[in-house]
Protein chains: 2
Amino acid sequence: MSDAPAYPVTSVNRVRRLHERGSYDHATVHAILDAAALCHIAYVVDGQPYCTPTLFWREGERLYWHGSSASRMLSGQSGGEPVCLTVSHLDSLVLARSGFNHSVDYRSAMAFGRARIVDDEHEKARALAAMIDRFYPGRWATLRPATQQEIKATRVIGMTIEQASAKVRAKGIGDDEADVALPIWAERIPIRTVVGAPEPCPRLAAGVERPETLAGYREGRRLDDALTQAHATTFPG
Amino acid sequence: MSDAPAYPVTSVNRVRRLHERGSYDHATVHAILDAAALCHIAYVVDGQPYCTPTLFWREGERLYWHGSSASRMLSGQSGGEPVCLTVSHLDSLVLARSGFNHSVDYRSAMAFGRARIVDDEHEKARALAAMIDRFYPGRWATLRPATQQEIKATRVIGMTIEQASAKVRAKGIGDDEADVALPIWAERIPIRTVVGAPEPCPRLAAGVERPETLAGYREGRRLDDALTQAHATTFPG
C-alpha cells in the first residue's frame, strides 16, 4: 500500500484526531468522492466563511462544480482562492452504553486546493458534458444541445486537489469493556441513502423509452453504488 | 407569514441566486436543521477554509456541536470566530431534456454565527445530555454516567444563530416549454435516506429490552422523519 499513489500530507490535511481512521491514498479518497452527488464547499468572502452544498464531479485529480454566473459562491472562487471541498456519507448511528461512546459510522473525504474559473472554451464545453455524463453515462449526446446563452449563464469552477484526506469509521459499537455487562441497551442503526421509484415525466413524447444507461438508478438501490457505477462507466480507469 | 419570527437578512445570508427558493423564517430553517443528524461547518484557520462534517443539534436559536478537546476544528472555534453551519437534504435527481435544466430537488439551511466553547459547567453538562437525548429521547438518564475524564476530554461548542437562510427546490422537472415535445427521456428520481434494520449488540446483558423510545428508528423509515420526531419529543414547542 505504501507504493500506492497518495496525496501529500501537510499540516493542512493531516488527520489529527483518531488518526487511525485517516488515509491519504488516491483510491480511498476518490472512492468516497465518486460515491457522492453532493459536496459541501468551504470558502471565504470578506473574512466570512461560507459552507455551500453543490453538485460536483471528479476527473483524475481535478474536481469540478458549476453554478450561475451571478452566484456569490462562484464569484468568491474565481481567482485561485483556497477552498475545502468535503463529502460525507453517514453509514450508521451507534448507540453505546455510555454517552461518550455513542458515535456514528461514516466515510468522509476533504480535498483542498485553489478554485479557478474554467474559462478555456474547450475545457468548459467538455466539463458541462462531463457533469451530465458523470451522473448519467452517455446522456449529454442525447439532449437538446446547449445554447450560447446557457453556456454563458453557467460558470464552471475547477480545482486541482493539492492535499486530501479520508476519514472512515466502520466499527459499530465500541463500548468500554467494563461497560458491556451493564443492563443497558446498545445497538447499531444502519443508515442508507437509496433510490426511489423513478417518476417519468408525464409529458414524454410518444414512443420515447427509458435509456438503458439509466438502469443503474432503480428503486431500492443504494445511491452511492449507483453513482460509483456511473462514474466508473464515464471515466473508466 | 410576514409576522412569523424570522432571521434578519443581511448581505451575508441573503439568497441571491434563485431567490424565490429562499426563506428566512424560523419555522422553515429549524425544520431543515432538526431533520438532520449531520451538518457541515465552514471555518477558517490561518486563512485556510475548512469544511468539517459533524453531528449537531439545535435548542431554540442556539446550535451545538462537540468533539475532542484535541480537535483542530474546535481549536479554531473557541473564541467567537465566525462560522457557517450548513445542512442539506438531497430529495431527488432531476433529468430534463436539456443539460441546463438538469437539477436536483433539495432542502438546505445555512446558519451564521460566532462559535464559542461552552465552558460553563452547568451548560456543558446539560448540552452533553441534550446531544444524546436529541437523537434518542430520554436515553441519557439510562446510560452509565459520564466520568470527569470523559467530560474533560470533550469540548462543546455553542453558537447563537445570527443570520440564517433556507433554500428549497421541490419542483421536479422544469423543462423549457419548447423542449417538451422533443423525443428525449425526462424523469425525476426520488432519493431518500432511510433507517435499516437495527442491529442489537450481540453482547447485551440478559433481559435487556429495546427501549420504547427508540421505536421511531425502524427499518425503512425516513431518517429525516425519525430525527424530526426525536427532536420534537426532547424539545417540545
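What follows covers the overall build of chain A. The helix and strand inventory of chain A stands at five helices and 10 strands. With the principal axes as the frame, chain A shows a C-alpha extent of 65 × 45 × 40 Å. Per-residue burial over chain A gives 56% buried out of 237 residues. Contacts in chain A between residues far apart in sequence, at least 24 positions, make up 71% of those at least 6 positions apart. If you sum the accessible surface of chain A, you get close to 10100 Å²; carbon and sulfur atoms cover 53% of it. Of the side chains in chain A, 28 bear a positive and 28 a negative charge, and the two mean positions are spaced by 3 Å.

Residues and elements named next belong to chain A. Axis separation between helix H3 (residues 121-135) and helix H5 (residues 223-234) bottoms out at 7 Å; the angle between their running directions is 130 degrees. When the axis of H3 is compared with that of H5, the two are oblique. Packed against H3, whose contacting residues are Asp133, Arg134 and Phe135, the element H5 presents Leu227, Ala230, His231 and Thr234 at the interface.

Residue and element names in this part refer to chain B. Helix length check: helix H5 (residues 223-234), at 12 residues, gives a terminal C-alpha distance of 17 Å against a target of 16 Å (1.5 Å per residue), a fit within 8%. Where H5 is concerned, the buried positions are Leu223, Asp224, Ala226, Leu227, Ala230 and His231. Along H5, the residues classed as buried sweep out an arc of 160 degrees about the axis, all on the same side.

In this complex, chain B contributes 91 residues to the contact, which on the side of chain A involves 90 residues. Buried surface at the junction of chain B and chain A, summed over both partners, amounts to about 7800 Å²; 63% is from carbon and sulfur atoms. On the surface where chain B and chain A come into contact, there are 10 salt bridges. For Glu177(B), the salt bridge identified is with Arg203(A), shortest N-O distance 2.5 Å. Taken together, the links from chain B to chain A amount to 32 residue pairs in polar contact (both at pLDDT 80 or more). For the side of chain B that touches chain A, the secondary-structure elements that each account for two or more residues are strand S2 (38-45), strand S3 (48-59), helix H2 (72-75), strand S5 (79-95), strand S6 (103-117), helix H4 (148-153), strand S9 (187-195) and strand S10 (199-200) of chain B.

We now examine the pairing of strand S2 (residues 38-45) of chain A. Residues and elements named next belong to chain A. As paired strands, S2 and strand S3 (residues 48-59) are joined by eight bridges and run antiparallel to one another. In the sheet register, Ile41 faces S3, and the bridge partner there is Thr52. Hairpin connection from S2 to S3: two residues lie between these consecutive antiparallel strands, with Asp46 at a positive phi of about 50 degrees. With three bridges connecting them, S2 and strand S5 (residues 79-95) associate as antiparallel partners. Its bridge partner being in S5, Ile41 is matched across the sheet by Leu85.

Residues and elements named next belong to chain A. Its identity is not glycine, yet Asp46 carries a phi of approximately 50 degrees, on the positive side. Note that Asp46 resides in the loop between S2 and S3. Assessed through its relative accessible area of 81%, Asp46 is described here as exposed.

All right, on to the side chain of Arg134(A) then. All names here are of chain A. Position of Arg134 among the secondary structure elements: in helix H3. Of the polar contacts made by the side chain of Arg134, one reaches the backbone oxygen of Ala36; its length is 3.4 Å. Setting aside residues up to four positions removed in sequence, Arg134 forms contacts with Asp34, Ala35, Ala36, Phe56, Trp57, Leu227, Ala230, His231, Thr234 and Phe235.

Once that is clear, we can look at the packing of aromatic side chains. Within a pair of aromatic rings, the relevant descriptors are the distance that separates the centres and the angle that separates the planes. What the rule picks out here adds up to 10 aromatic pairs over all chains. Note on Trp57(B) and Tyr64(B): the rings are 5.4 Å apart at their centroids and 20 degrees apart in plane angle, and the pair reads as stacked. For the residue pair Trp57(B) and Tyr64(B), the accessibility class agrees, reading buried in each case. For the pair Tyr136(B) and Tyr217(B), a centre-to-centre distance of 5.7 Å together with 55 degrees between the ring planes defines the contact as tilted. In this pair, Tyr136(B) is assigned in the loop between helix H3 (121-135) and H4 and Tyr217(B) in the loop between S10 and H5, connecting sequence segments 81 residues apart. Tyr217(B) carries the same exposure label as Tyr136(B), and that label is buried. Taken together, the ring pairs in this structure connect Tyr43(A), Tyr50(A) and Phe112(B) into an aromatic cluster. Over the aromatic face of Phe135(A) sits the side chain of Arg134(A), whose NZ or CZ is 4.8 Å from the ring centroid.

It is worth spelling out the relation of the copies chain B and chain A at this point. Between the two copies, chain B and chain A, the superposition gives an RMSD of 0.0 Å; the rotation angle is 180 degrees and the shift along the axis is 0.0 Å. Look at the turn and shift together and you get a two-fold axis relating the two. For chain B, the smallest separation between a C-alpha atom and the rotation axis is recorded for Thr193(B), amounting to 2.0 Å. When the interface residues of chain B are mapped onto chain A, 99% of them are again interface residues, pointing to one common binding face.

Now for the pattern of salt bridges. Under the defined criterion, the tally for this structure stands at 32 salt bridges over all chains. The salt bridge involving Arg144(A) is made with Glu150(A); its shortest N-O contact spans 2.9 Å. Since its relative accessible area comes to 14%, Arg144(A) is described here as buried. Glu199(B) serves as the salt-bridge partner of Arg188(A), at 3.0 Å between the closest nitrogen and oxygen. Of this pair, Arg188(A) sits in strand S9 (residues 187-195) while Glu199(B) sits in strand S10, each in a different chain. One network of salt bridges, with partners in common, ties together Asp91(A), Arg107(A), Arg222(A) and Asp224(A).

Moving on: H3(B). Residues and elements named next belong to chain B. Its 15 residues give H3 an end-to-end C-alpha distance of 22 Å, which sits within 8% of 21 Å, the value for a rise of 1.5 Å per residue. For H3, the complete set of buried residues consists of Lys124, Ala127, Leu128, Ala129, Ala130, Met131, Ile132, Asp133, Arg134 and Phe135. Buried residues in H3 make contact with helix H1 (26-34), S3, strand S4 (62-68), H4, strand S7 (154-160) and H5. Its side-chain oxygen 3.2 Å from the backbone nitrogen of His122, Asp120 forms the N-cap of H3.

Each value, and the rule that gives it
Residues numbered from 1 in each chain as written. Chains lettered and ligands numbered in written order. Predicted model: local features only at pLDDT ≥ 70, side-chain atom pairs only at ≥ 80, totals over all residues. Heavy atoms only, no water. Helix = DSSP H or I, 4+ residues; strand = E, 2+ residues; numbered from the N terminus. Buried < 20%, exposed > 50% of the residue type's maximum accessible area, 1.4 Å probe, protein only. Contact = heavy atoms within 4.5 Å. Areas by Shrake-Rupley, 256 points an atom, 1.4 Å probe, with all protein chains shown as cover. Lys, Arg positive; Asp, Glu negative; His and termini not counted. Charge placed at Lys NZ, Arg CZ, Asp CG, Glu CD. Axes fitted to C-alpha atoms, helices over the stretch in contact; angles between N-to-C directions. Parallel < 35°, antiparallel > 145°, perpendicular 65-115°, else oblique. Expected span 1.5 Å × (residues − 1). Arc of directions from axis to C-beta. Buried area = accessible area lost by both parts, 1.4 Å probe. Salt bridge = Lys/Arg side-chain N within 4 Å of Asp/Glu carboxyl O. Polar contact = N/O pair within 3.5 Å; in protein donor to acceptor, adjacent residues only side chain to side chain. Pairing = 2+ DSSP bridges. Phe/Tyr/Trp six-rings, centres within 6.5 Å; stacked < 30°, edge-to-face > 60°. Lys NZ or Arg CZ within 6 Å of the ring centre and 35° of its normal. Least-squares fit on C-alpha atoms with pLDDT ≥ 70 in both.

Read these as geometric descriptors, not functional statements.
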